[in-house]
Each structure stands twice: as C-alpha cells, then as structure tokens.
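Okay, here's what each chain looks like letter by letter:
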Amino acid sequence: MAQRTLARYLIEEQRNKGVITADLKFLIEVVSRACQAISIAIGKGGLGGVLGEAGSANVQGEAQKKLDVLSNEILLDANEWGGHLAAMASEEMDLPHTIPHRYPQGEYLLLFDPLDGSSNIDVDVSIGTIFSVLKCPEGADLSTPEASEAAFLQPGTAQVAAGYAVYGPTTVLVLSVGDGVTCFTLDREQGGFVLTQEAMRIPADTAEFAINMANQRHWEAPVQRYVAEMQQGKDGALGKDYNMRWVGSMVADVHRIMTRGGIFMYPLDAKTRDKGGKLRLMYEANPMAFLIEQAGGAASTGRQRILDIEPDRLHQRVPVILGSKNEVARVVGYHG
Ligand code: AHG
Ligand code: MN
Ligand code: MN
C-alpha cells in the first residue's frame, strides 16, 4: 500500500470526512513545509552559522537566538502569500502580522512559537515549533496590527487545528484537526511528512513527571505536596515509585507524554506570579492543551481547564499542568 503522506491524510480529512476545509488543508501543508525548512536549517548547526545569539530581545524581554528569528521569518514568508490567512501572531513579534494588501486575505488566524526550547539550541537537544489555528471572527478589524490583536483573543476551545514539530533525532509533526492526534515523520530523503502513528492516546495513569526542580522553593502548597508525595515513592501516599524526566523544551517534554504518558508542570510560582505564569497561553499552552485533550489527557492551570480561559492579551502567560488524566486530576484536586 502506498505511504500515507501528510497531503493524503489531509485530503482524506477534507474529502471523506469533511472535517477540514480546503483552505485549512492548504494552511497545514504550508506550515508543514515551513517546519521542514526549519528542520533543515537546524540540521546544519554550526556549519550553517545558525547557532548563537541574534543580539536582540523579543516582546517578553527574552534574548533572541538566531534560530528564533530565522524560524519566525520562515513561518511568516511561507504563510503570507497563500490567501488562507487573515493574520499571524508569534512569540517573537510584539503585534500581529497582518497580510500585505498585495495578497488575498483568508479566514484563518495562525499563532506560533516558532522555536520552542531556545535554551537547548546550542547544546544539540530537541527543540520544536508549536502552532495554533483559529477562525477569524466575521467583521474583525484587521486594518492595523494593533487593531487586529482583538481577533486572536479567543479561548482554546475555539481552535480548529493545533500541532507541533519536534526537531530531534527524527523530525516529527504531531497534528490535530479535532479528530484525534496523528504523528507524521519527516522523510529526509524524499522530503515531506509521512504518517507514522494514528490515534495517539495518553495512558490515564503514569509514574513519570516533568518539572523544573530548581523552582521548588517558589511553588505553591498543592504542587509542593504532590511532588513530595511522588518523591516518597512506594512508601508514600501515592504508593508507587516515580521517575523524573525534564528536557527543558516544552515540545519535547509534551512529545514524550504523547508517546508514553506522564505529567508536565510549569505551575504558578512566586517567581512568575506577577506575570501569571511562565508559559504563554495563545501559542504554547492552548495548542498543547488541545492536542493533549484530543489524545485523552487533561490540561489545567491547577484551578481551571486551560482551553476554557478567556484570553485578555496576546502574550498572556498561564500556569500549565498537563498529561495523564488521573495524575492531572490529582494535582487539580490538591488545589481544592
Ligand atoms: P521558548 O524557548 O519558546 O521561550 O520556551 C521555553 C519554555 C519551554 O519550552 C520550557 O518548558 C520552559 O521554557 C523552560 O524554562 P526554564 O528553563 O526557565 O525552566
Ligand atoms: Mn516556547
Ligand atoms: Mn520560542
């Protein structure tokens, strides 16, 4: 049987199942080609001059790496001419990018974290791209970048597609159009993504957790309690031994959970309380929460389902607790 490429999968979702429109199919194909271009750039490493600092800072005041800037440009260039988008927003841009007048405007909004795991770029550890797709509300004012921000402020439940690419030993693209989660692997010889796993499911229980332990003293009581209980292992309240894995690239930590279960936490802590958390809602937490729920897992701030949050700004930050359903429920329970 012929390989099921991403293109073929998308045709089936459109033609046979009617889950997606022709424009959304095109959008996902364009994003996948951009991810392939980013993967190739990353693969050159020190030979391609792509490592190191860009010498600039983004809107969150974080120093940008060359690859943060390059990945952002690849995604913008790939997506602005096709006529499928109304606007784009990114971690690396203060305001949304409106579509230049010389191109037609479409009905979708695309948000992305062009390069997730920036601190892992120069040390050859897995990094990735995260994206989220929304419908542009009818009559939205897109006349200026400032005005267009309002169109993006929709809860995660409104996402029509979300996905991420991991640039690791292999490059994978994990996608959901609201019809389960599918994993594609980049065929480096032929180019393009090929379906390698359908209907990804996250086991409800797990004995593996991911959290930055360096922040322990800043955590709130419910997370302190949960991590302490996991560390007590068999002898403690949870009655089993746990293992810890922390890559430090959300995409890679989430992909491990997608593959074999686990719980990932970047909870509210005293250090990030004023900002609302560490991770960004619109292009990190929401797309990941969408994928995790589509695979049978759960995603919460500890106090609220992530997908239910009504955003009030584009670069809003939120606490994130996601992964295997029963473990997430336990932590949420500890929050009372
Ligand atoms: P980004 O590289 O897009 O800024 O995101 C980094 C995020 C996320 O990938 C990761 O889970 C987290 O930041 C790690 O942060 P710390 O190393 O500060 O804990
Ligand atoms: Mn990120
Ligand atoms: Mn990033």
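Residues numbered from 1 in each chain as written. Chains lettered and ligands numbered in written order. Predicted model: local features only at pLDDT ≥ 70, side-chain atom pairs only at ≥ 80, totals over all residues. Heavy atoms only, no water.

### Notes on helix α2 (residues 22-44)
- Under the 1.5 Å per step criterion, the end-to-end length of α2 is 34 Å for 23 residues, consistent within 8% with the ideal 33 Å.
- Directly beyond the C-terminal end of α2, a positive phi value near 50° is found at Gly-45. (Helix = DSSP H or I, 4+ residues; strand = E, 2+ residues; numbered from the N terminus. Expected span 1.5 Å × (residues − 1).)

### Quick look at the coordination of the manganese ion (ligand 3)
- The coordination sphere of the manganese ion (ligand 3) contains the protein donors Glu-91 (OE), Asp-113 (OD) and Leu-115 (O), at a distance range of 2.2 Å.
- The sequence pattern formed by the donor residues of the manganese ion (ligand 3) is E-x21-D-x1-L.
- Separating the manganese ion (ligand 3) and the manganese ion (ligand 2) is a distance of 3.7 Å, and Asp-113 donates to both of them. For the pair Asp-113 and Leu-115, one class covers both residues: buried. (Donors = N, O, S within 2.8 Å, 3.2 Å for Na, K, Ca; no water. Buried < 20%, exposed > 50% of the residue type's maximum accessible area, 1.4 Å probe, protein only.)

### A closer look at the domain arrangement of the protein chain
- Per the domain assignment, the segments making up the protein chain are domain 1 (6-197) and domain 2 (208-335).
- The gap between the C-alpha centroids of domain 1 and domain 2 is 23 Å.
- Taken together, the contacts link 47 residues of domain 1 with 31 residues of domain 2.
- Of the roughly 2800 Å² buried between domain 1 and domain 2 on both sides combined, carbon and sulfur atoms contribute 63%.
- When the area that domain 1 buries against domain 2 is broken down by residue, the three leading residues are Ile-130, Leu-153 and Tyr-164, summing to 19%.
- Across the contact surface, domain 1 and domain 2 share 3 salt bridges.
- Glu-62 is paired through a salt bridge with Arg-317; the nearest N and O atoms lie 3.7 Å apart.
- Where domain 1 packs against domain 2, one counts 19 residue pairs in polar contact (both at pLDDT 80 or more).
- Elements with a contribution of two residues or more to the side of domain 1 that touches domain 2: β3 (85-90), β5 (108-116), β6 (127-135), α4 (145-152), β7 (161-167) and β8 (171-176).
- The greatest single-element share of the side of domain 1 that touches domain 2, amounting to 7 residues, is contributed by β6. (Domains from an automatic or database assignment. Contact = heavy atoms within 4.5 Å. Buried area = accessible area lost by both parts, 1.4 Å probe. Salt bridge = Lys/Arg side-chain N within 4 Å of Asp/Glu carboxyl O. Polar contact = N/O pair within 3.5 Å; in protein donor to acceptor, adjacent residues only side chain to side chain.)

### So, the nonpolar core
- Judged by nonpolar contacts, the single largest core of 47 residues is most densely connected at Tyr-164, Met-250, Met-258, Phe-264, Met-288, Val-320 and Leu-322.
- Considering each element in turn, this core owes the most residues, 9 residues, to helix α7 (residues 281-294).
- The residue makeup of this core includes at least three contributed by each of domain 1 (6-197) and domain 2 (208-335).
- Contact partners of Leu-322, with chain neighbours within four places excluded, come to Met-250, Val-254, Ile-257, Gly-262, Ile-263, Phe-264, Met-288, Ile-292, Ala-298, Ala-299 and Val-328.
- If you look at the next biggest cluster of nonpolar residues, it comprises 41 residues, including Leu-24, Phe-112, Ile-121 and Phe-193. (Core = buried A, V, L, I, M, F, W, Y, C linked by side-chain atoms within 4.5 Å.)

### Quick notes on the site of ligand 1
- Taken together, 17 residues surround ligand 1, and among them Asp-116, Ser-118, Asn-212, Met-250 and Tyr-266 come closest.
- In the environment of ligand 1, an oxygen atom lies 3.0 Å from a nitrogen or oxygen atom belonging to the side chain of Lys-278.
- Expressed as a share of its isolated accessible area of 470 Å², the protein-covered part of ligand 1 is 82%.
- Elements with a minimum of two residues in the shell around ligand 1: β5, β13 (263-266) and β14 (279-280).
- Considering each element in turn, the shell around ligand 1 owes the most residues, 3 residues, to β5.
- Lining the shell around ligand 1 are residues from two domains, each supplying at least three of them: domain 1 (6-197) and domain 2 (208-335). (Near = heavy atom within 4 Å. Areas by Shrake-Rupley, 256 points an atom, 1.4 Å probe, with all protein chains shown as cover.)

### Focus on the coordination of the manganese ion (ligand 2)
- Of the protein atoms, only Asp-113 (OD), Asp-116 (OD) and Glu-284 (OE) coordinate the manganese ion (ligand 2), at distances of 1.9 to 2.1 Å.
- Mapping the donors of the manganese ion (ligand 2) onto the primary sequence gives the spacing D-x2-D-x167-E.
- Classification of Glu-284 as buried rests on a relative accessible area of 1%.

### What about unusual backbone geometry?
- For Asp-124, which is not glycine, the phi torsion reads 60° and is therefore positive.
- Here Asp-124 lies in the loop between β5 and β6.
- Judged by its relative accessible area of 76%, Asp-124 is exposed.
- Positive phi is not limited to glycine here, since Ala-199 has a value of about 50°.

### Topic: the pairing of strand β10 (residues 193-197)
- Bridge analysis of strand β9 (residues 182-186) against β10 gives 4 bridges, and the strand direction is antiparallel. Bridged to Thr-185 within β10 is Val-194.
- Here β9 folds back onto β10, and the loop between the two strands holds 6 residues, one of which, Gly-191, carries a positive phi near 80°. (Pairing = 2+ DSSP bridges.)

### What to know about the environment of Leu-175
- As for its position among the elements, Leu-175 is in strand β8.
- By relative accessible area, which is 0% here, Leu-175 ends up buried.
- On a C-alpha basis, the gap between Leu-175 and Gln-294 in space is 9.9 Å, while along the polypeptide they are 119 residues apart.
- Beyond its immediate sequence surroundings of up to four residues, Leu-175 is in contact with Leu-6, Tyr-9, Leu-10, Ile-28, Phe-131, Ala-162, Gly-163, Gly-180, Val-181, Thr-182, Phe-184 and Leu-291.

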